[in-house]
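For reference, the chains in residue letters:
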Amino acid sequence: MIFNPAIETLALPQLRALQSERFVALVRYLYERQPFYRRQWDELGIDITAVKGIEDIVRFPFTKKTDLRDQYPFGMLAVAQSELVRIHASSGTTGKPTVVGYTRADIEMFSEVVARSLCCAGALPGMKLHNAYGYGLFTGGLGLHYGGERLGMAVTPVSGGMTDRQLLLLQDFAPEVISCTPSYALTLAEAIRERGIPLERFNLRYAVLGAEPWTETTRQAVEAGLGVTATNIYGLSEIAGPGVSQEDYEEKGGSHVWEDHFYPEIVDADTGQPLPEGRDGVLVFTTLTKQGMPLMRYWTNDICSLYYDSGSKRTHIKMSPIKGRADDMLIIRGVNLFHTQVEALLADMPEFTANYQLIIHREGAMDAVEVLVELSEAIYQAKGTRLPVQDEFLGALKRRLEKKIKDNIGLSMKVTLADRDALPRSEGGKLKRILDNR
Ligand code: DLL
């Protein structure tokens, strides 16, 4: 089902006209109400009366996370604080959090894009949603919650963690849809396997996974382990929260950006110049309809590409899966590396689980990467329950992955085989895959 067919299948010329109209209004709105932007644009001599359409967006500078930090807590608001109905914040690893304020209309828009996303993921009105995203300052919990209700689902606000209780509710409430981080979906799938619960006890059909990068390797494991069709949901608090883009459950591959509200661009990480369709670069968003805290050309730091897919049910542009964040990109001996590149290579290797970790350390003057991968149940069944320490088979397996990494990524990495369940698991939230010991 398409939640809002009039908008989601709007022909591109009309979509562009709508974006232009909204963009011109946004520029005026920000200039009148937002001292930060007015000062910045005045200093740069930007004549806002010359802004006629969305193509003029390139005249404006980017907004960076540091701008939001500098304006902490409420300096980015374009409305009086009394007009807000909700405040979220993203917990930065260092310093002060990034604050986002929503008006009532913003929450309605946010709920609509999540409702669209859920439909795009396969959900229908009347189904039940088991929402295992964290409730709190994080936008995942409340974001999916309001979107599910908006679609007409019964939402259980389970939040993350307490895996045994999750399994109980999944069996007893029999939801068709689950939403959580991909790493937590792996935790749940493993817990089901370990406890020997047959998949027939569950009624799950769709999983809506996001908030961290993931690949086909994780998709295979989650789909098999939970008996679902798993799709990608993307978003960030600064722009709204989850539901900025969503992958279609039948098409898979890329995620539709809801372009009538969020105007996406891909730009070169170094020069900031716009890049053509299909090229990887930094994803930048302009919010076209927000009232509380609209952002102009917000630099997400996420790396992906954008492309139109004429074979799709919807017209809105698609974004490729996020490779990683520019600030999480490793540069190892001159080669750029995202951990998702290693994850992707574990697909079609049934000897391993989808759990892995990269450890970066120094070897003399050089950076070295050790890849910890976990042996899957298949190996134990093949070899009995105890693993021999020295085993030709395991040695060959290790060398096979080392060669695959070298051939595909162009870097030599040391592969270390970990015992099943030895690596850290998500306990509900985002999982850290890289340990940098340099
Ligand atoms: O993670 C919002 C969200 C909640 C999205 C639930 C999807 C599901 P933040 O905590 O502000 O918001 O983190 C945003 O997380 O810039 C990306 O780096 C990363 N991210 C979010 N979704 C995906 C995804 C939420 N599907 C940051 N794939 C973003 C890859 C993702 N990375």
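Residues numbered from 1 in each chain as written. Predicted model: local features only at pLDDT ≥ 70, side-chain atom pairs only at ≥ 80, totals over all residues. Heavy atoms only, no water.

*Asks:* Hey, could you go over the site of the ligand for me, with residue numbers and the actual values?
*Replies:* Taken together, 20 residues surround the ligand, and among them N232, I233, S237, D302 and K430 come closest. One of the side-chain nitrogen or oxygen atoms of S237 is found 2.4 Å away from an oxygen atom of the ligand. Note that an oxygen atom of the ligand is positioned 2.6 Å from one of the side-chain N or O atoms of D302. Bound to the protein, the ligand loses 93% of the 600 Å² it would expose on its own. Contributions of two or more residues to the shell around the ligand are made by α6 (139-151) and β7 (229-236). Of all the elements, β7 adds the most residues to the shell around the ligand, at five residues. Class assignment for the residues of the shell around the ligand results in nine nonpolar, six polar and five charged. (Near = heavy atom within 4 Å. Polar contact = N/O pair within 3.5 Å; in protein donor to acceptor, adjacent residues only side chain to side chain. Areas by Shrake-Rupley, 256 points an atom, 1.4 Å probe, with all protein chains shown as cover. Helix = DSSP H or I, 4+ residues; strand = E, 2+ residues; numbered from the N terminus. Nonpolar A, V, L, I, M, F, W, Y, C, P; charged D, E, K, R; others polar.)

*Asks:* Tell me about the sheet that holds strand β20 (residues 414-418), and please be specific about residues and values.
*Replies:* In space, the four strands of this open sheet follow the order β20-β19-β18-β21, with mixed pairing throughout. Strands at the two margins of the open sheet, each flanked by one partner only, are β20 and β21 (434-436). Each strand of the sheet is rotated relative to its neighbour by a mean of 20 degrees, with strand direction disregarded. As defined by bridge partners, strand β18 (residues 352-363) adjoins strand β19 (residues 366-375) across nine bridges and the pair is classed as antiparallel. Bridge pairing in β19 places L358 opposite V371. (Pairing = 2+ DSSP bridges. Axes fitted to C-alpha atoms, helices over the stretch in contact; angles between N-to-C directions.)

*Asks:* So what's going on with the domain arrangement of the chain? Which residues, and what values?
*Replies:* Annotation of the chain at the domain level lists domain 1 (1-325) and domain 2 (330-436). One C-alpha centre belongs to domain 1, the other to domain 2; they are set 30 Å apart. With 26 residues of domain 1 at the contact, the number on the domain 2 side is 21 residues. Counting each side, the surface lost to burial between domain 1 and domain 2 is near 1,800 Å², with a carbon and sulfur contribution of 52%. Remark: the boundary between domain 1 and domain 2 carries two salt bridges. Put simply, E377 and R193 hold a salt bridge, and the shortest N to O gap is 3.1 Å. Along the contact surface separating domain 1 from domain 2 lie 14 residue pairs in polar contact (both at pLDDT 80 or more). Of all elements in the fold, only α8 (182-195), α9 (216-226) and β15 (324-325) reach the threshold of two or more residues within the side of domain 1 that touches domain 2. Among the elements that make up the side of domain 1 that touches domain 2, the one with the highest residue count is α8 (seven residues). Broken down by class, the residue content of the side of domain 1 that touches domain 2 amounts to 10 nonpolar, 10 polar and six charged. (Domains from an automatic or database assignment. Contact = heavy atoms within 4.5 Å. Buried area = accessible area lost by both parts, 1.4 Å probe. Salt bridge = Lys/Arg side-chain N within 4 Å of Asp/Glu carboxyl O.)

*Asks:* Describe in detail the sheet that holds strand β10 (residues 262-267), supporting the description with residues and values.
*Replies:* Here four strands make up an open sheet; going across it, the order is β10-β11-β12-β15 and the pairing antiparallel. Strands with a single pairing partner mark the edges of an open sheet, and in this sheet they are β10 and β15.

*Asks:* Describe in detail the packing of helix α2 (residues 12-33) against helix α3 (residues 35-44), supporting the description with residues and values.
*Replies:* Where α2 contacts α3, the two axes come as close as 6 Å, and the packing angle between them is 100 degrees. With respect to α3, the element α2 is oriented roughly perpendicular. Packed against α2, whose contacting residues are V27, L30, Y31, E32 and R33, the element α3 presents P35, Y37, R38, W41 and D42 at the interface. Residues that form the contact of α2 with α3 fall into these classes: six nonpolar, no polar and four charged. (Parallel < 35°, antiparallel > 145°, perpendicular 65-115°, else oblique.)

*Asks:* Explain the environment of I332 to me, using residue names and the numbers behind them.
*Replies:* With respect to the secondary-structure elements, I332 resides in strand β16 (residues 330-332). When its relative accessible area of 0% is taken as the criterion, I332 is described as buried. Once the C-alpha coordinates of I332 and D367 are considered, the two residues, 35 residues apart in sequence, prove to be 5.9 Å apart. Not counting the four nearest positions on each side in its chain, I332 is found in contact with L337, I360, D367, V369, L411 and R438. (Buried < 20%, exposed > 50% of the residue type's maximum accessible area, 1.4 Å probe, protein only.)

*Asks:* Any chance you could break down the nonpolar core for me, citing the residues and the numbers?
*Replies:* Core analysis: the largest hydrophobic core is formed by 68 residues, its most contacted members being F23, W41, L118, F262, L283, F285 and M296. With nine residues, the single largest contributor to this core is helix α5 (residues 104-120). Excluding anything up to four places from it in sequence, W41 contacts V27, L30, Y31, I46, I48, F60, P61 and M296. If you look at the next biggest cluster of nonpolar residues, it comprises 26 residues, including L337, L375, L394 and I409. (Core = buried A, V, L, I, M, F, W, Y, C linked by side-chain atoms within 4.5 Å.)

*Asks:* Explain α5 residue by residue, including any values.
*Replies:* Spanning 17 residues, α5 covers 24 Å between terminal C-alpha atoms, matching the ideal 24 Å at 1.5 Å per step. With respect to burial, α5 is a largely interior element, 14 of its 17 residues being buried. Just downstream of α5 lies G122, where phi reads positive at about 115 degrees. (Expected span 1.5 Å × (residues − 1).)

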